[in-house]
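# Structure assessment
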Amino acid sequence: MKRSSKKVLLPLAIALALATGSSVLAQDSPWDRLTNAGTVAWQNGEFDEAEKQFSAAVKLTEYFPANDVRRATALNNLALAYEGLNRNAEAEAAFKQSLALKQQAEKLDYRSLNATCNNLAQLYRKLKRYADAEATYRQTVANAESLSGTDSSYVAVCLNNLVVALNDQQKFSEAESVLQRVIAIGQKTLGVDSVELTVPMENLAIVYRQEQKYELAIPLYQKSLKIRQKILGANHQSVGVTLTNLARVYRELGRFEDAEPLLKQALSIAQNATPPNDRSVTNEMSNLATLYREEGKSDQAQDLLEQLLVLRKKVFGPNSREVADTLTNMASLLIDQGKHDQPAPLLTQATTVMQTSEGADSAEAASAINNLEELYRLQGRFAEAEKLLQQVLDIRTKTLGSDNPVTMETLNDMGIIYRQQGKSDLAADAFKKALAVRQSSPQSSPADIANSMQNLARQLVSQGKYAEAEELYKKTIAMREKLFGPFDLRLDVSLRNYAILLRQLGREKEAQALEARSQAIETKALPPEEPAQNLPDSPTPTK
């Protein structure tokens, strides 16, 4: 089986660590030959062959001394091959075996230990097990501090990686603190205007953007841009990255006139600084096409997406995930234009391409199927949508686990689609199961639990089970007010739904009191004009 070994770009740079033999070992030994052959196969995306070679290398180490480092190395590499084959449980077990052996060594090699920790953490992120990823990254920080003290550049690298897992869990305040520590270390070890310092600066800007603290994000991007232009030159690729990230802030603020020249400049830099078929060129074309779509410049977006599709087929191949992403964006453009009868062939093709590229049971294939399912729902084709969503649920349960947040969200969606078809009992069962799993899973957030309570309460009302529904509405309101404050629109939804129930029960005075609270929230939270729609994420993750 051959699949692409290329990884999705992360907001913070982390690389997989493929371990090789010690330099003191003879490079023509049987173990080295197996390791080298496996490495070449893995780098080419030939994971079946890599697994074969690395398994043989592990087997060979059974004849080595008990504390020989080559066994830990071989297990780390075998785990990476398993991950490439989506044999994730075996990958996790092999990574843990490798770590255990490294921890038992007479003299700890903290850098080698951290390389495998980082690989395991990335596997956890792939499986959406963000709490496990965070714990693993925190271990790398402790290891780095043991090796080089609390203020070394190596510690800063490990802290920077930790922020990825914090961002995944929306722990933005913790991410801020960690990045501020990284910047302080960088200023001390590198200097205040060091170009290396622009990486954590931009990562902190990403956190601010996610918190919608745009007034803090923009100056950081502008400072980073100034440093990079001064030290690296105006046409350096890193300058293009900063322009793209700053443009995204402007996009989210609706300042399209400010974003467009930045994205055009970033595309020009990519075209001049790299070969015509470089990945960065296609990424910048995709970002600009997304902006055109947001601006309502449908013709320009369509033209650019068609050019992008041709280029990505040439660069990555017709069955690559990049081609699938472009087909999906073309379909989204048609949906934006209200042409709901036209996107199905594009989304069907995107699904086929993603299944070929990433595997029929991969998380990426499940997402592609989910896009087609959402279109069918939009078209009112609920029976067909239900079949697709069940397929998505089966894949995610198998690959991610039943208690994974993404799987639970899919189960919740099953409840919604049952409700849309009038399948009341099935809807209630799905909502109950989603709530029970979320309440028992350490991976669930309180906000997700509140959402499940809200959905189940609404379904119980439709079934006439008013007492059960009322208890859930009370809990949902209390949770949302604690989580989001007294003037959040999510709380508003719960208040209005509970008021409807109270009115059905003839408790008019209580209903009016809730509606008054709801009105106060809407008056405070909503602007007098029509609110802007939420902007979709860029199809290319920013660095």
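Residues numbered from 1 in each chain as written. Predicted model: local features only at pLDDT ≥ 70, side-chain atom pairs only at ≥ 80, totals over all residues. Heavy atoms only, no water.

What follows concerns the overall build of the protein chain. Counting its regular elements, the protein chain contains 24 helices and zero strands. In terms of overall dimensions, the protein chain has a C-alpha envelope of 85 × 50 × 50 Å along the principal axes. Burial analysis of the protein chain (543 residues in total) assigns 49% to the buried set. Considering only intrachain contacts with a sequence separation of at least 6, the fraction spanning at least 24 residues in the protein chain is 59%. Within the structure as shown, the protein chain displays about 25,200 Å² of accessible surface, and the carbon and sulfur contribution to it stands at 51%. When the 64 positive and 67 negative side-chain charges of the protein chain are each reduced to one mean point, those points stand 2 Å apart. (Helix = DSSP H or I, 4+ residues; strand = E, 2+ residues; numbered from the N terminus. Buried < 20%, exposed > 50% of the residue type's maximum accessible area, 1.4 Å probe, protein only. Contact = heavy atoms within 4.5 Å. Areas by Shrake-Rupley, 256 points an atom, 1.4 Å probe, with all protein chains shown as cover. Lys, Arg positive; Asp, Glu negative; His and termini not counted. Charge placed at Lys NZ, Arg CZ, Asp CG, Glu CD.)

If you check the backbone angles, asparagine 86 has positive phi at about 60° while not being a glycine. Topologically, asparagine 86 is positioned in the loop between α3 (69-84) and α4 (88-103). Classification of asparagine 86 by relative accessible area gives partly exposed; the value is 28%. Phi is positive for glutamine 212, close to 60°, though the residue is something other than glycine. Secondary-structure assignment places glutamine 212 in the loop between α9 (198-210) and α10 (214-232). On the accessibility criterion, glutamine 212 (57% relative accessible area) is exposed.

This next bit is on α4. The first and last C-alpha atoms of α4 sit 22 Å apart over 16 residues, in line with the 22 Å expected at 1.5 Å per residue. Residues of α4 that are buried: Asn88, Ala91, Glu92, Ala94, Phe95, Ser98, Leu99 and Lys102. Burial along α4 is one-sided: seen end-on, the buried residues are contained in an arc of 165°. Residues of α4 that are buried make contact with α3, α5 (110-126) and α18 (382-400). (Expected span 1.5 Å × (residues − 1). Arc of directions from axis to C-beta.)

On to the confidence of the model for the protein chain. Low pLDDT means the predicted coordinates in that region are not meant to be read closely. Mean pLDDT over the protein chain: 89, with 92% of residues reaching 70 or higher. Scored below 50 in pLDDT, residues 1-15 shows 49 contacts in the model against residues more than four places distant or in partner chains. With pLDDT under 50 throughout, residues 21-26 is counted as low confidence; its partners more than four residues away or in other chains account for seven contacts. (pLDDT = per-residue confidence, 0-100.)

On to the packing of aromatic side chains. Applying the stated criterion across every chain yields a total of one aromatic pair. Note that arginine 490 overlies the ring of phenylalanine 484, its terminal NZ or CZ placed 3.6 Å from the centroid. The aromatic ring of phenylalanine 487 is capped on one face by lysine 524, whose charged end is 5.2 Å from the ring centroid. (Phe/Tyr/Trp six-rings, centres within 6.5 Å; stacked < 30°, edge-to-face > 60°. Lys NZ or Arg CZ within 6 Å of the ring centre and 35° of its normal.)

Looking at the secondary structure, you find threonine 140 in helix α6 (residues 130-148). Overall, threonine 140 belongs to the buried group, its relative accessible area being 0%.

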